[in-house]
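# Notes for the structure review
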Amino acid sequence: MNDHQQLPLLKIVVQSGPNQGQAFAVKDRPLTIGRGASNDVVISHFSLSRLHARVRATPHGFVVDDLGSTNGTFVNEAKVTGSAPLRPGDTIRLGTVITLKVEVGPAGAGGRPDEDKTLVPPAGSARGDTDRTVVPEATAVRPPPSGRAVQTVVSTTPVVSVQSGQRNLAAWLWMVVAVLVTILIIGAGLGYLYYATTPPPPPPTEIALPPTPTPTNTPEPPTSTPSPEPTATPEPIKVPGVPAAVAQELAAPPNATNQVDPFCQTEIEVTADEPVFIQWERPLAEADGETDYLAEWLASVHYDITLDGRPISTFNYYRVGPSLHWWHNLGLLPAGKHYLRIQWYTSRQISNGLDVAPADGQVDVFGPGPAGEGFCEIVVPEPIAAATPTPVPTATPESTPTPTPTPQPTKAQQSQVSTSPAPLGVFQDFESQSTWKRGDQPYGEFTRSSAQAHSGRYAGQLSYNFPTANNDYVVFLQSRALAGQPNAISAWVYGDGSGHFLNMWLKDAQGQTWGMSFGQVKHTGWQEMAAYIDPSQPWPSGHISGPDNGVIDYPISFQALVLDDGNDDYSGRGTIYIDDLNSQAGVAAPTPTPASLAGTTVPGGGQVISGPSTSGGYTLALGRQHKYEEPWGAARGDLCQTYNTGNWDDTNPNFRGFNLELSLTNDSNTFVADGWLPIFITARGQRVQVCYHSYGGGQGTGVAPGETGYVTFFSLVPKGDYVQTVQLTVNGYTLQICLDGNGGYCR
């Protein structure tokens with residue numbers, strides 16, 4: 001302590017935050033700051049950690065320590081890692097809001113004043129003692145040297161020097177000083193009695209400030225310790241809207257066709273004659289020892305929702321872990337545009353306990369007052385008949401298939417199915433103008449064009465722009481009822497050699513939506529491609545949405561064209577042309593390659609035993625490791641970046657981590673370049689992102705002829721799902737293996 005006695009008194013003044021204007025003195029004893037009740041300085045704010053920072057003296061001066069806070073400690077906006085020195089005039093920022101100013105008090109011996117706002121623990125007291133000595137902002141008590149008594153009274157009046165010949169005058173001066181000192185002592189005693197017997201004032205109703213501290217020997221009442229619990233927050237303010245607390249907790253709504261996010265900020269077209277459900281999610285952190293975020297949200301949030309200016313006064317919610325999912329059934333909406341508007345407010349300041357929006361390394365804090373808003377324009381179309389080449393008088397009108405959920409990859413809906421089914425043959429030749437609706441993915445345009453045509457003057461021009469090195473695709477929707485029982489759809493395609501998958505969607509009489517693939521566009525110029533209609537085909541064919549009974553129930557309707565990048569690493573743009581979409585019956589089933597047979601049922605019956613896949617002199621097989629780990633937290637943004645940083649969202653542990661080692665044997669005469677990356681498709685038909693985990697032989701130099709390379713990959717799948725299909729394209733050859741729920745070969 002002797003090393004510190006030469007240091008000046010350090011004064012910390014709160015410049016912004018709940019304790020604005022309050023000052024704290026630091027000398028020999030460290031001063032801890034945070035929102036926990038055990039700190040020397042308690043500031044109740046969500047952005048502070050329970051034990052956030054500490055200011056202390058060292059032989060070389062004062063320093064501030066960051067005590068592992070969540071939102072950081074900053075000196076002059078420079079983040080503190082460990083400790084940082086403090087100088088007069090420095091600004092300390094704690095978390096997102098609280099700022100402190102560093103000042104120095106006057107030198108000289110300190111006395112006990114009669115009024116102050118500054119808390120300094122008595123010299124020599126143990127950390128955590130509740131006694132605090134009241135000292136002025138401008139002065140401080142200097143600890144006496146060892147062996148000396150404490151001088152408790154020092155006059156602020158100058159002392160007049162007395163010469164040997166002026167004893168009478170000196171005596172009078174000393175008497176005046178004694179009287180003044182006596183008055184000060186009496187005043188201090190009266191002040192002590194007043195503060196000891198007067199209870200602390202009640203907390204303000206709008207801004208949470210710490211109550212007035214009591215003198216040294218009086219225990220602090222329980223209400224003097226700020227608490228982060230909801231009861232310690234300011235009194236709620238009055239806000240508009242329907243309180244979340246009145247919402248009913250109900251099960252998730254049915255898997256409806258029309259599901260709209262009220263915060264979509266754009267125009268969404270829905271299917272007519274089916275109810276519209278609005279749904280939105282509020283992620284929340286798990287409750288900790290101090291805050292129940294879900295309870296706070298229900299108690300403090302109000303939603304003001306209107307549809308075409310009319311208020312919506314009821315809504316429901318269900319829980320998934322700590323998160324809240326809100327929903328409301330708008331019912332059937334008439335044709336036309338409808339404006340859905342949502343505003344939400346908080347009656348007090350609350351937090352979701354997460355760093356979500358924006359992801360800036362600090363927890364999100366809302367209110368009190370307006371906290372967010374959004375809108376969505378809902379378009380209910382009039383029935384639109386798809387273009388037909390020639391009316392067929394003999395066609396018998398059929399009812400529209402049973403409405404079912406639309407394909408999950410897009411929220412946009414297609415035009416209504418015509419009540420006049422097209423007979424077998426060409427049902428779209430693009431000679432007549434017709435409307436195609438693009439899905440949510442804004443990665444292309446589909447227009448009628450005369451630049452290329454297989455027959456007639458026009459074809460459909462599909463211009464795509466896939467901007468990311470992820471799974472990019474674009475959907476164009478147009479419904480057309482098809483007569484008879486076609487088992488294939490063909491199209492003439494003017495290819496660009498890109499290798500992208502051209503797929504179609506169809507819906508059957510039971511409301512099942514299926515995806516069927518024409519194959520990869522590896523050719524250039526015109527070539528006929530066919531999509532065989534069989535629900536047992538492997539990816540990219542398969543079930544999209546609705547019930548799944550494993551069979552096609554006729555009659556069916558054509559729904560959409562889909563272009564999906566053939567390699568997730570691809571980014572770029574191109575154009576293909578499509579002409580003469582043709583429904584056909586009695587088409588022979590294609591002969592599957594060994595790779596495409598893996599783990600599937602061959603048309604006509606018979607299960608194929610899965611194993612390594614060989615094609616074109618290349619063999620893809622399982623390596624030594626195939627392991628699932630669960631529970632696993634969600635990725636924060638890009639999966640591979642999260643995997644490299646380890647920054648998982650453990651508040652959402654609803655996933656399974658999957659490590660899979662694959663071996664690639666090259667028995668061809670062609671070198672395989674480094675960095676081969678497979679496609680993973682889950683049992684539910686979801687394509688999931690794949691990341692590199694570790695490398696074995698062949699990586700770094702590729703896989704030369706006669707060699708085998710080993711690579712371990714990582715992916716993340718939802719609980720209850722697993723990777724079923726692994727597909728790898730090598731030098732134009734596609735290899736595919738089937739996996740079971742444990743990562744081994746299908747049986």
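Owing to the predicted nature of the structure, the values given are computational and were not obtained by experimental measurement.

## A closer look at the overall build of the protein chain
Secondary structure assignment for the protein chain yields four helices and 47 strands. Of all 747 residues assigned to the protein chain, the portion counted as buried reaches 47%. Accessible surface for the protein chain amounts to roughly 35,300 Å². Of this, 53% is attributable to carbon and sulfur atoms.

## What to know about a nonpolar patch on the surface
Residues Val 176, Val 179, Leu 180 and Ile 183 make up a contiguous nonpolar surface patch of about 350 Å² in total accessible area. As for its position among the elements, Val 176 is in helix H1 (residues 167-197).

## Here's the deal with the pattern of salt bridges
Considering all chains together, one arrives at 14 salt bridges under this definition. Taking the shortest distance from any N to any O, the salt bridge between Glu 77 and Arg 93 comes out at 3.0 Å. Here Glu 77, found in the loop between strand S7 (73-75) and strand S8 (78-79), pairs with Arg 93, found in strand S10 (residues 91-94); they are 16 residues apart in sequence, far enough to count as distant. Between Glu 267 and Lys 337 there is a salt bridge, and its shortest N-O distance comes to 3.0 Å. With Glu 267 in strand S17 (residues 267-269) and Lys 337 in strand S23 (residues 336-346), this pair connects stretches of sequence that are 70 residues apart. You can call Glu 267 partly exposed: its relative accessible area is 44%. Residues participating in the shared-partner salt-bridge network are Arg 54, Arg 56 and Asp 65.

## As for helix H2 (residues 293-300)
Among the eight residues of H2, six are classified as buried, and the element is accordingly described as predominantly covered. Tyr 293, Leu 294, Glu 296, Trp 297, Leu 298 and Ser 300 are the residues of H2 that are buried.

## What to know about the nonpolar core
One finds Trp 297, Tyr 303, Ile 305, Leu 324, Trp 326, Leu 330 and Ile 378 to be the most contacted residues of the largest nonpolar core, which totals 37 residues. Mapped onto this core, the elements with two or more residues apiece are strand S18 (276-282), H2, strand S19 (301-307), strand S22 (323-331), S23 and strand S26 (369-380).

## Brief notes about the state of the cysteines
Within this structure, the stated rule accounts for three disulfides. Put simply, Cys 640 and Cys 691 are joined by a disulfide, and their sulfur atoms are 2.1 Å apart. Because the torsion about its S-S bond is -95°, the bridge between Cys 640 and Cys 691 counts as left-handed. With Cys 640 in helix H4 (residues 639-645) and Cys 691 in strand S44 (residues 690-695), this pair connects stretches of sequence that are 51 residues apart. Accessibility expressed as a relative area gives 19% for Cys 640, which makes it buried. Here Cys 738 engages in a disulfide with Cys 746; their sulfurs sit 1.9 Å apart. Around the S-S axis, the bridge from Cys 738 to Cys 746 shows a dihedral of about -65° and counts as left-handed. Regarding the disulfides, the protein chain carries the connectivity 1-2, 3-4, 5-6 under sequence-order numbering of its bonded cysteines.

## Comments concerning the environment of Tyr 443
By the element assignment, Tyr 443 lies in the loop between strand S28 (437-438) and strand S29 (444-449). Between the alpha carbons of Tyr 443 and Tyr 464 there is a distance of 5.7 Å; along the sequence they are 21 residues apart. Dropping the residues within four chain positions of it, Tyr 443 is found in contact with Ser 463, Tyr 464, Asn 465, Phe 466, Pro 467, Asp 472, Tyr 473 and Val 474.

## Some details on unusual backbone geometry
A cis amide bond, omega 5°, links Gly 367 with the succeeding residue Pro 368. Relative to the elements of secondary structure, Pro 368 occurs in the loop between strand S25 (365-366) and S26. Each neighbour pair has its own omega, and for Glu 630 with Pro 631 the value is 0°, a cis peptide bond. Here Pro 631 lies in strand S40 (residues 618-632). Even without a glycine there, the phi angle at Glu 77 is positive, about 70°. Owing to a relative accessible area of 54%, Glu 77 belongs among the exposed residues under this scheme. You will see that Gln 265, though not glycine, has its phi angle at about 60°, which is positive. Counting through the fold element by element, Gln 265 comes out in the loop between strand S16 (258-260) and S17.

## Some remarks on the sheet that holds strand S43 (residues 687-688)
Across the sheet, four strands lie side by side as S43-S42-S46-S47; this open sheet has antiparallel pairing. The sheet is open, and its two edges are formed by S43 and strand S47 (733-738), each paired on a single side.

## Brief notes about the sheet that holds strand S5 (residues 53-58)
As summarised here, the arrangement of the five strands in space is S4-S3-S5-S6-S9, forming an open sheet in which the pairing is mixed. Single-partner strands in this sheet number two, and they are strand S4 (41-42) and strand S9 (83-85). Looking at chain direction, strand S3 (residues 31-34) and S4 are connected through two bridges and run parallel. Bridge assignment links Ile 33 to a residue of S4, and that residue is Val 41.

## Quick notes on the pairing of S47
Across six bridges, the pairing between strand S46 (residues 723-730) and S47 is antiparallel. What sits directly across from Val 730, in S47, is Tyr 733. Hairpin remark: S46 followed by S47, antiparallel, with two residues in the connecting loop; positive phi at Asn 731, about 50°.

## Quick look at the packing of aromatic side chains
Per the stated rule, a full pass over the model turns up 29 aromatic pairs. With a centroid separation of 5.4 Å and 75° between ring planes, the pair formed by Tyr 494 and Trp 526 is classed as edge-to-face. With Tyr 494 in strand S32 (residues 488-496) and Trp 526 in strand S35 (residues 524-532), the pair connects residues that are 32 residues apart, well separated along the chain. Linked through ring pairs, Phe 427, Phe 430, Trp 436, Phe 446, Phe 476 and Phe 558 together constitute an aromatic cluster.

## Some points on the confidence of the model for the protein chain
Confidence in the prediction for the protein chain averages 76 pLDDT; 74% of positions are at 70 or higher. Note that pLDDT drops below 50 for residues 384-418; the model gives that stretch 99 contacts with residues more than four away or on any other chain.

## Here's the deal with the side chain of Arg 93
On the basis of relative accessibility, which here comes to 15%, the residue Arg 93 falls in the buried class. Excluding anything up to four places from it in sequence, Arg 93 contacts Gly 72, Thr 73, Phe 74, Glu 77, Ile 98, Thr 99 and Gln 362.

## Here's the deal with the environment of Phe 315
Structurally, Phe 315 is set in the loop between strand S20 (310-312) and strand S21 (316-320). Separated by twelve residues in the primary sequence, Phe 315 and Trp 327 have C-alpha atoms spaced 6.0 Å apart. Filtering out sequence-adjacent residues up to four positions away, Phe 315 remains in contact with Val 242, Pro 243, Ala 244, Ala 247, Gln 248, Tyr 303, Ile 305, Trp 326, Trp 327 and His 328.

## Here we look at the environment of Val 688
Structurally, Val 688 is set in strand S43. What makes Val 688 buried here is its relative accessible area of 8%. C-alpha of Val 688 to C-alpha of Ser 715: the two residues are 27 residues apart in sequence and 7.0 Å apart in space.

Cut-offs used in this document
Residues numbered from 1 in each chain as written. Predicted model: local features only at pLDDT ≥ 70, side-chain atom pairs only at ≥ 80, totals over all residues. Heavy atoms only, no water. Helix = DSSP H or I, 4+ residues; strand = E, 2+ residues; numbered from the N terminus. Buried < 20%, exposed > 50% of the residue type's maximum accessible area, 1.4 Å probe, protein only. Areas by Shrake-Rupley, 256 points an atom, 1.4 Å probe, with all protein chains shown as cover. Patch = residues over 30% accessible without salt bridge, like charges linked within 9 Å, V, L, I, M, F, W, Y side chains within 5 Å. Salt bridge = Lys/Arg side-chain N within 4 Å of Asp/Glu carboxyl O. Core = buried A, V, L, I, M, F, W, Y, C linked by side-chain atoms within 4.5 Å. Disulfide = S-S within 2.5 Å. Contact = heavy atoms within 4.5 Å. Pairing = 2+ DSSP bridges. Phe/Tyr/Trp six-rings, centres within 6.5 Å; stacked < 30°, edge-to-face > 60°. pLDDT = per-residue confidence, 0-100.

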